[in-house]
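# Chains, contacts and geometry: an overview
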Amino acid sequence: MKRIITLTVMNRPGVLNRITNLFSKRNYNIESISVGYSEQEGMSRITCVVHVDNDGVLEQITKQLNKQIDVIKVMDITEQSIVARELALIKVVSNSSTRNEIYSLIQPFRASVIDVSKDSLVIQLTGESDKVEAFIELIKPYGIKELARTGTTAFLRGTQKPSQAIKPYSIV
Amino acid sequence: MLQETAFTKMKAENEPISGAELMLEALKKEQVEVIFGYPGGAVLPIYDKLYDSKILHILPRHEQGGIHAAEGYSRVTGKPGVVIATSGPGATNIITGLADAMMDSLPLVVFTGQVATGVIGTDAFQEADILGITTPITKYNYQVRSIEDIPRIVKEAFYVATSGRPGPVLIDIPKDIAAGTANVPEEQEIVLPGYQPTVQPNYLQIRKLTEAVSRAKKPVILAGAGILFSEGYEELKQYAEQQSLPVVHTLLGLGGFPAEHPLFAGLAGMHGCYTANMALYECDLLINIGARFDDRLTGNLQHFAPNATVAHIDIDPAEIGKNVQTHIPVVADAKEALKQLISQEGKPPVHQEWLDTLNAWKKEYPYFYKEDDRLKPQKVMEMLYEKTKGEAIVVTDVGQHQMWAAQYYKFSKANRWVTSGGLGTMGFGLPASIGAQLASPESIVLSISGDGGFQMCTQELAVIREQNLPIKIIILNNSSLGMVRQWQEIFYESRFSHSKFSSQPDFVKLADAFGIKGYLIEDEAQAETIFNEVLTNNEPVLLDIRIDPDENVYPMIAPGKGHHEMVGVKP
Ligand SMILES: Cc1ncc(C[n+]2csc(CCOP(=O)(O)OP(=O)(O)O)c2C)c(N)n1
Ligand SMILES: [Mg+2]
């Protein structure tokens, strides 16, 4: 199963290396990882999308992450009300005969064209990973020249349904 | 407590102070008694300051020897072992020791030199990415980026290494940082918001465990090295006696509970005794205190404690549920948890039948070996136990001899057993015994190695001579990599691929070359005479003991098997 885990980490040198190192050391399967500064000074926010076989592995991942000295907080937010977004840049083959068709695909996905050349378009798309994937499938037949994705970044919505209190992993 | 150090003096005068001096002052503040270090270009500024320092400095003959010695020191004292190595090759030579200490949770504070800040990343002479290399095998690591940070970083490093689940911490110091000067910083506080080990147990879990104990018909305590790190041995004894709970030990836990105690059920695991392993197999309540359910202990997890409610007390929450599903998790320091358990004064126990069963097993299935005209390693261990009245510090290397030592030397007290468990590092024993003897100068230190592993850090004989350490070096010589040979015999149709030595050094002459007296022992009578002569004198000695080369370690749980599938439990 796919899980979204967010980390608040101290902004110390090598912290990203510690996290990725842990994933490889413990043989965890990671799909994407995105990092950037958070609202607190000296702290960064990391969003990891991982694939796990069962709850036991998931519990181990959260515990091992929590054990890292630079990690302040770990949350598995998969089951919460969240906003999750990923950005994709797609350079797609296009000429005068296909351009209009591509534009018509872009619209329902609220993607935008951010660069145009004689034989290609660069499309920018944001959304949940499913939406990004669906769009990529759709656009593939036209010929994708280049594709870059940021990986998911996510956090909790302002209001949570009461039943969805955050699943605690601490057994303290 | 705060004596006036050069640091405080200089601070008063507000003179610039060098990074190296700040480092040594910080070590003094941590009351470091001994450093195991090896100099080189990148640490020359530190060595220049060490020239005037009063801290004892031990120069191993290989950095690996240095870090294993620090591990031995740490295991016996409970204090962090301190190591210095130079950049590049010096730093990479301590990798095995770091991994070993990480696996066995030994607190170390390790300093490595680094090339100057300006050339980091340019493949400068003797540069190695030691942070990158050591991240997975240290509890934490630092590279010092500014001189002013040194006091805080050293303070943090000692705190991290020794608190929670102990482990090695590395501090990488670029040469310009060590050599450069700065105005002495104000006293700095530790900044570790993401590190707050849980020491006190959750009351509800303690209640749950107490109730489980009162209901249990077949309870058993599995005690690991967490008992030693938390210094909870007295509490363990008290609790076990209060509730009549039998205790089994992991390899690393030995000494946490007195071996001659009627409630002691022995060593568990791959070469543990029948009683201990069957106690784990048959129990209905398993109370793990400070052990990590290592695979050499559990055997095949599918057959591990199949009928038990599992309680696990560990200061590291990540260990709970990692290998074995746990019903009563208790995140806490072992000693604190035991204190709480004792104060619950649970109902008097109702499991006399179980204790009787264990006692019957103990009688029926003791360790055994066949006696014939060849000198048996088990006999040697029994003799060593008797001659040292069970009071020696026993340091081992890795292999068959390690298992025989664990089986036959009965520890009545804690912190007298020094062995490499998790990583199983050959070459550990001889240098570790140096640290152990420095830690406890009055004790008899038996350094027991195989003829193979002894050759992995032989060079440290020079330190033993130099420091006049009266270590009793015992080589159980079977002319082979015995443990490998044993596995080949059992699992590979006796195809002894590269496990028998066709040429061996003359160990007695070798000792002589280092100025250490050596003896060859080929039979029991010689052992008797020579043990009497050398074990209690104040001189180092090397004993090359020729044991039966065909002897194997039993009982044994073969890989993939469960505790109930032990072989070699009876003659
Ligand atoms: C550094 C290292 N290399 C290889 C091994 C694998 N190994 C485990 S026991 C053993 C044999 C040890 O032989 P010896 O030191 O003579 O001890 P014995 O088993 O004969 O008592 C070997 C090679 C190891 N544990 N450590
Ligand atoms: Mg051998």
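Conventions we followed
Residue indices begin from 1 for each chain and proceed along its sequence in written order. In the order they appear in the text, chains get letters beginning with A and ligands get numbers beginning with 1. Owing to the predicted nature of the model, reporting of local features is limited to residues with pLDDT of at least 70; listing and counting of side-chain atom pairs is limited to 80 or more, with chain, interface and lining totals taken over all residues. Values shown for side chains rest on all heavy atoms present in the structure; no hydrogens or waters enter the calculation. Metal donors were taken as nitrogen, oxygen and sulfur atoms no farther than 2.8 Å from the ion, or 3.2 Å where the ion is Na, K or Ca. Water is excluded, so coordination may look unfinished. Helix numbers and strand numbers start at the N terminus; a helix is a DSSP run of H or I with at least 4 residues, a strand a run of E with at least 2. Buried, partly exposed and exposed residues are distinguished by accessible area as a fraction of the type maximum, computed with a 1.4 Å probe on protein chains only: under 20%, between the cut-offs, and over 50%, respectively. Axis definition: a line fitted to C-alpha atoms, limited for helices to the stretch in contact. Angles are taken between N-to-C directions and run from 0 to 180 degrees. Geometric relationships in this document are graded by angle, where less than 35 degrees denotes roughly parallel, more than 145 denotes roughly antiparallel, 65 to 115 denotes roughly perpendicular, and other angles denote oblique. Note on convention: near helix rotated counterclockwise from far helix by under a right angle means a left-handed crossing. Clockwise means right-handed. Any two residues whose heavy atoms approach within 4.5 Å at even a single point are treated as in contact. Nonpolar residues are Ala, Val, Leu, Ile, Met, Phe, Trp, Tyr, Cys and Pro. Charged residues are Asp, Glu, Lys and Arg, and all others, Gly as well, are polar. By salt bridge we mean one thing: a side-chain nitrogen of Lys or Arg within 4 Å of a carboxyl oxygen of Asp or Glu. How far a helix is expected to stretch is found by multiplying one less than its residue total by 1.5 Å. Polar contact is defined as a pair of N or O atoms within 3.5 Å, subject to the rule that within protein one atom must be able to donate a hydrogen and the other to accept it, and that residues adjacent in sequence are counted only when both atoms are side-chain atoms. For each residue, the test is whether any non-hydrogen atom lies within 4 Å of the molecule or strand; if one does, the residue is near. Grouping buried Ala, Val, Leu, Ile, Met, Phe, Trp, Tyr and Cys residues that are joined through side-chain atoms within 4.5 Å yields what is termed a nonpolar core. As used throughout, domain bounds are those supplied by an automatic or database domain assignment. pLDDT measures how confident the predictor is about each residue, on a scale from 0 to 100. Strands pair, by our definition, only if DSSP identifies at least two bridges between them. Only protein atoms enter the 1 Å grid, on which a cavity is a set of points fitting a 1.4 Å probe that cannot get out and a pocket is an open set with protein on both sides within 12 Å along at least 5 of 7 lines, lining residues being those with an atom within 4 Å of a point. Grid points are joined across faces, edges and corners, and a volume is the space filled by probe spheres set on the points. When two parts are put together, the accessible area they lose, computed with a 1.4 Å probe and summed over both, is reported as buried area.

## Comments concerning the coordination of the magnesium ion (ligand 2)
Residue and element names in this part refer to chain B. For the magnesium ion (ligand 2), every protein donor is listed as Asp 451 (OD), Asn 478 (OD1) and Ser 480 (O), and the spread of their distances is 2.0 to 2.2 Å. Sequence spacing among the residues donating to the magnesium ion (ligand 2) works out to D-x26-N-x1-S. Note that Asp 451 is positioned in the loop between strand 17 (445–450) and helix 20 (461–466) and Ser 480 in the loop between strand 18 (472–477) and helix 21 (482–491), a separation of 29 residues in sequence. Asp 451 sits in the buried class, given a relative accessible area of 1%. Ser 480 sits in the buried class, given a relative accessible area of 4%.

## Topic: the packing of helix 17 (residues 377–387) of chain B against helix 18 (residues 400–408) of chain B
Residues and elements named next belong to chain B. Viewed as axis vectors pointing N to C, helix 17 and helix 18 meet at an angle of 45°, and their least axial separation amounts to 9 Å. In terms of orientation, helix 17 and helix 18 fall into the oblique class. The two elements helix 17 and helix 18 meet at a crossing, and its hand is right-handed. Taking contact as the criterion, the partners of Pro 377, Gln 378, Met 381, Glu 382 and Tyr 385 in helix 17 are, on helix 18, Trp 404, Ala 405 and Tyr 408. By residue class, the composition of the contact of helix 17 with helix 18 is six nonpolar, one polar and one charged.

## Details of unusual backbone geometry
Residue and element names in this part refer to chain B. Pro 555 follows Tyr 554 through a cis peptide bond whose omega is 0°. Tracing the chain through its elements places Pro 555 in the segment after strand 20 (541–546). In this model, Gln 126 sits at a positive phi of 55°, which is unusual for a non-glycine residue. Locating Gln 126 in the fold gives a position in the loop between strand 5 (108–114) and helix 7 (130–134). By relative accessible area, Gln 126 is classed as partly exposed at 25%.

## Things to note about the pattern of salt bridges
The final tally for this structure, using the stated rule, is 37 salt bridges over all chains. Linking Glu 133 of chain A and Arg 149 of chain A is a salt bridge whose minimum nitrogen-to-oxygen distance equals 2.9 Å. Of this pair, Glu 133 of chain A sits in helix 4 (residues 129–139) while Arg 149 of chain A sits in strand 8 (residues 144–149), and the two are 16 residues apart along the sequence. Accessibility expressed as a relative area gives 35% for Glu 133 of chain A, which makes it partly exposed. The partly exposed category is assigned to Arg 149 of chain A, whose relative accessible area is 33%. Residue Asp 294 of chain B pairs with Arg 292 of chain B through a salt bridge whose shortest N-O separation is 3.7 Å. Counted as one network, the salt bridges with shared partners bring together Asp 372, Arg 374, Lys 376, Asp 548, Asp 550 and Glu 551 of chain B.

## A short note on helix 10 (residues 203–215) of chain B
All names here are of chain B. In this model, helix 10 (13 residues) spans 19 Å end to end at C-alpha, consistent with the 18 Å of a helix rising 1.5 Å per residue. For helix 10, the secondary structure elements touched by its buried residues are helix 12 (233–243), strand 12 (285–289), strand 13 (309–314), strand 14 (328–331) and helix 15 (334–344). Among the residues of helix 10, the N-terminal cap falls to Asn 202, whose side-chain oxygen and the backbone nitrogen of Leu 204 are separated by 2.8 Å.

## A word on the site of ligand 1
All names here are of chain B. The environment of ligand 1 is formed by 17 residues, the closest being Gln 400, Gly 424, Gly 452, Gly 453 and Gly 482. With respect to ligand 1, the backbone of Gln 400 contributes an N or O atom lying 2.8 Å from an oxygen atom. Between ligand 1 and Asp 451 there is a distance of 2.9 Å, counted from an oxygen atom to a side-chain nitrogen or oxygen. Residue assignment for the shell around ligand 1 shows that the elements contributing at least two residues are helix 18 and helix 21. Per-element tally for the shell around ligand 1: the top contributor is helix 21, with three residues. Partitioned by chemical class, the residues of the shell around ligand 1 number six nonpolar, 10 polar and one charged.

## Some thoughts on the nonpolar core
Residues and elements named next belong to chain B. Membership of the largest hydrophobic core comes to 43 residues, with the highest contact counts inside it found for Ile 94, Val 110, Phe 454, Ile 464, Ile 473 and Leu 542. Of the residues forming this core, the biggest block, five residues, is contributed by helix 4 (residues 63–77). Summarising the domain contributions, this core has at least three residues from each of domain 1 (2–182) and domain 3 (377–546). What Leu 542 contacts, discounting residues up to four positions off in sequence, is Phe 454, Ile 473, Ile 475, Phe 507, Ala 511, Ile 516, Lys 517, Gly 518 and Tyr 519.

## Description of the confidence of the model for chain B
Residue and element names in this part refer to chain B. For chain B, mean pLDDT is 96; residues scoring 70 or higher make up 98% of the total. Across chain B, the element-wise mean pLDDT spans from 50 in helix 1 (residues 6–13) up to 99 in strand 5. A low-confidence stretch, residues 1–10 (pLDDT under 50), is modelled with 14 contacts involving residues beyond four sequence positions or located in other chains.

## Quick notes on the sheet that holds strand 3 (residues 43–51) of chain A
Residue and element names in this part refer to chain A. Pairing within the open sheet is antiparallel, and its four strands lie in the order 2-3-1-4. With one partner strand each, in any of the chains shown, strand 2 (29–37) and strand 4 (71–76) form the two edges of the open sheet. Neighbour to neighbour, the strand axes of the sheet diverge by 20° on average, direction disregarded. As paired elements, strand 2 and strand 3 share eight bridges and run antiparallel to each other. Residue pairing in the sheet places Ile 30 in a bridge with Val 50 of strand 3.

## Structural notes on empty space enclosed by the protein
Residue and element names in this part refer to chain B. Summed over all chains, the structure comprises three cavities of 30 Å³ or more. The volume enclosed by the largest cavity comes to roughly 80 Å³. Elements that contribute at least two residues to the lining of the largest cavity include exactly helix 4, helix 11 (226–229) and strand 16 (417–418). Of the residues forming the lining of the largest cavity, the biggest block, three residues, is contributed by helix 4. Looking at side-chain class alone, the lining of the largest cavity contains eight nonpolar, two polar and three charged residues. Taken together, Thr 210, Val 213, Ser 214, Tyr 239, Gln 242, Gln 243, Leu 341, Gly 346 and Lys 347 make up the full set of residues lining the second largest cavity. Residues of the lining of the second largest cavity, tallied by class, amount to three nonpolar, five polar and one charged.

## Some remarks on the domain arrangement of chain B
One frequently used descriptor of interface size is the decrease in accessible area upon assembly of the parts. All names here are of chain B. On domain assignment, one finds that chain B holds domain 1 (2–182), domain 2 (203–364) and domain 3 (377–546). Relative to domain 2, the C-alpha centre of domain 1 lies at a distance of 38 Å. Taken together, the contact pairs eight residues of domain 1 with seven residues of domain 2. Per-residue buried area on domain 1 facing domain 2 is highest for Arg 75, Asp 104 and Arg 165; these three make up 65% of the total on that side. Our count for the contact surface shared by domain 1 and domain 2 stands at two salt bridges. Here Arg 165 ties to Glu 319 by a salt bridge, and the two come within 2.8 Å at their closest N and O atoms. Here domain 1 is connected to domain 2 by two residue pairs in polar contact (both at pLDDT 80 or more). Class assignment of the residues belonging to the side of domain 1 that touches domain 2 gives a composition of three nonpolar, two polar and three charged.

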